[in-house]
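Letter by letter, the chains look like this.
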Amino acid sequence: MSVSKREEKMIFKNSLKLFCSNFGKVWKYFFYSVIVTGIVIGLMMPFLNEIRTVVLANWTNDILNAIPSTGLLYGSNVAGMFSAVWAFCYGCVTMLFTNYLWVGIYLAFLMIIIWPFLMNVGKYTVHESLYNYMSSQTKSSYCAVLIKTLRHSSAYAILKTLMSIIWKAILVVGSYALFTIEAPLFDYFLPVIVIVVGALATAIAQTFISGWAPASVVYNFNVVKSYNIGFKAVVRKYGRILSTGFMINMIFIFLIMGFGVVSAAVFIPLYYGLNNMFEMVMFFSSQGMRYYVDADTVVTPKKLEQQDTIEKTKYLL
């Protein structure tokens, strides 16, 4: 096995170990996510009638009613489900901005700005808690860390949310191009294309920012300088980080597609939890920093001068 393959395997293995030893943090972030989602839904309630009107007007496809039982293990029409969901979402957005423009702008602001901002604040809190554990086996209260790091996490969340708008725009345009292809034979390949391309595109987008939050919590710099440090750490191991991220995305997409959309309620919190662990392990490994993955195991990566060749010295901090 090559050095890069062995290191990629070790990063994934150590991420799983850290995930298992810090499973409580996964559920704390999950409960935080539930609270944040409840707040956002509450802010939507003044326009409940408009939302109900738009949803009922577009809920016309029988496949939508079968979504809870649609999945690879059920043998249901997965391609038809993808197309039906896209048509439903497209119809709702079009009708909302045509008939209720200001309501549409308000809801878009909630979903594109407010909800991601609050979720990113929670993500930063998880990274800070993980840093305490990985560096010194210190266990910390999620709420206490959330309050303590609010200034840094807010700045990080604002910039990350704004950057994600570009990614979401690309995703929408790509989805529109994909789901408007009219070819009967194409439907047979649609699930594979959505899964593979979706996992790869997400991994690429994640890779460019995966070192951001870890760099900020480790070095306590401002968000701009932290992004630069995190990006350098990613570049040092770009291929291994991308392939590991792609593998994690593929695993969870197949799990959700296999067990049905309803299973997303279980698998998505696990996915975000493992992804947070992976980002921290990646950063520590890239920086040559020793860290705990559990109470009895300390990992000692190669130092920076051992990892980098002369050509890569420009990435040294």
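Our next topic: the packing of helix 10 (residues 212-219) against helix 11 (residues 223-236). Remark: helix 10 packs on helix 11, axes separated minimally by 8 Å, with the N-to-C direction vectors making an angle of 115 degrees. As helix 10 packs across helix 11, the resulting crossing turns out to be right-handed. The residues of helix 11 that touch helix 10, namely those facing Trp-212, Ala-215, Ser-216 and Tyr-219, are Val-223, Ser-226, Tyr-227, Ile-229 and Gly-230. Tallied by class, residues from the contact of helix 10 with helix 11 come to six nonpolar, three polar and no charged.

In this section: the environment of Trp-212. In this fold, Trp-212 is placed in helix 10. As for Trp-212 and Glu-279, which are separated by 67 residues in sequence, their C-alpha atoms are 8.9 Å apart. Not counting residues within four places of it along the chain, the set of residues in contact with Trp-212 comprises Tyr-156, Leu-159, Lys-160, Met-163, Val-223, Ser-226, Tyr-227 and Gly-230.

On average, residues of the protein carry a pLDDT of 83, and 85% of them reach 70 or more. The least confident element of the protein, judged by mean pLDDT, is helix 14 (residues 304-307) at 54; the most confident is helix 6 (residues 101-136) at 94. A low-confidence stretch, residues 309-317 stays under pLDDT 50, and its non-local contacts, those more than four residues away or across chains, total eleven contacts.

The subject of this paragraph is the pattern of salt bridges. All told, the structure shown has one salt bridge when counted by the stated rule. For Lys-123, the salt bridge is made with Glu-279, and the minimal N-O distance between the two is 3.3 Å. With Lys-123 in helix 6 and Glu-279 in helix 13 (residues 264-287), the pair connects residues that are 156 residues apart, well separated along the chain. Glu-279 shares its class with Lys-123; the two are buried.

This next bit is on helix 11. Compared with an ideal rise of 1.5 Å per residue, which puts 14 residues at 20 Å, helix 11 spans 20 Å between its outermost C-alpha atoms and is within 8% of the ideal. Burial in helix 11 covers these residues: Val-223, Ser-226, Ile-229, Gly-230, Ala-233, Val-234 and Arg-236. Along helix 11, the residues classed as buried sweep out an arc of 160 degrees about the axis, all on the same side. Two to three positions downstream of the cap, the backbone nitrogen of Val-224 sits 3.1 Å from a side-chain oxygen, assigning the N-cap of helix 11 to Asn-222.

Under the counting rule described, the total for this entry stands at 20 aromatic pairs. Residues Phe-208 and Tyr-238 carry aromatic rings whose centres are separated by 5.9 Å and whose planes lie at 50 degrees to one another, so their mutual orientation is tilted. Pair noted here: Phe-208 is in the loop between helix 9 (186-207) and helix 10 and Tyr-238 is in helix 12 (residues 238-259), with a separation of 30 residues, a long-range link. By relative accessible area, which is 36% here, Phe-208 ends up partly exposed. Among the residues examined, Tyr-238 registers a relative accessible area of 28% and is labelled partly exposed. With 5.1 Å between their ring centres and 80 degrees between their planes, Trp-212 and Tyr-227 make a pair best called edge-to-face. Residue Trp-212 is found in helix 10, and its partner Tyr-227 is found in helix 11; the two are separated by 15 residues along the sequence.

Moving on, we come to the environment of Leu-274. Structurally, the position occupied by Leu-274 is in helix 13. Of the residues examined, Leu-274 reaches a relative accessible area of 5% and is grouped as buried. With 252 residues separating them in the primary sequence, Leu-274 and Asn-22 have C-alpha atoms 10.0 Å apart. Filtering out sequence-adjacent residues up to four positions away, Leu-274 remains in contact with Ser-15, Leu-16, Phe-19, Ile-248 and Phe-252.

What follows is about the pairing of strand 1 (residues 291-294). In this sheet, strand 2 (residues 297-299) lies alongside strand 1 in antiparallel orientation, the contact comprising three bridges. Bridge pairing links Tyr-292 to Val-298 in strand 2. Between strand 1 and strand 2, which follow one another and run antiparallel, lie two residues.

Scoring rules and cut-offs
- Residues numbered from 1 in each chain as written.
- Predicted model: local features only at pLDDT ≥ 70, side-chain atom pairs only at ≥ 80, totals over all residues.
- Heavy atoms only, no water.
- Axes fitted to C-alpha atoms, helices over the stretch in contact; angles between N-to-C directions.
- Helix = DSSP H or I, 4+ residues; strand = E, 2+ residues; numbered from the N terminus.
- Left-handed = near helix turned anticlockwise from the far one by under 90°.
- Contact = heavy atoms within 4.5 Å.
- Nonpolar A, V, L, I, M, F, W, Y, C, P; charged D, E, K, R; others polar.
- pLDDT = per-residue confidence, 0-100.
- Salt bridge = Lys/Arg side-chain N within 4 Å of Asp/Glu carboxyl O.
- Buried < 20%, exposed > 50% of the residue type's maximum accessible area, 1.4 Å probe, protein only.
- Expected span 1.5 Å × (residues − 1).
- Arc of directions from axis to C-beta.
- Polar contact = N/O pair within 3.5 Å; in protein donor to acceptor, adjacent residues only side chain to side chain.
- Phe/Tyr/Trp six-rings, centres within 6.5 Å; stacked < 30°, edge-to-face > 60°.
- Pairing = 2+ DSSP bridges.

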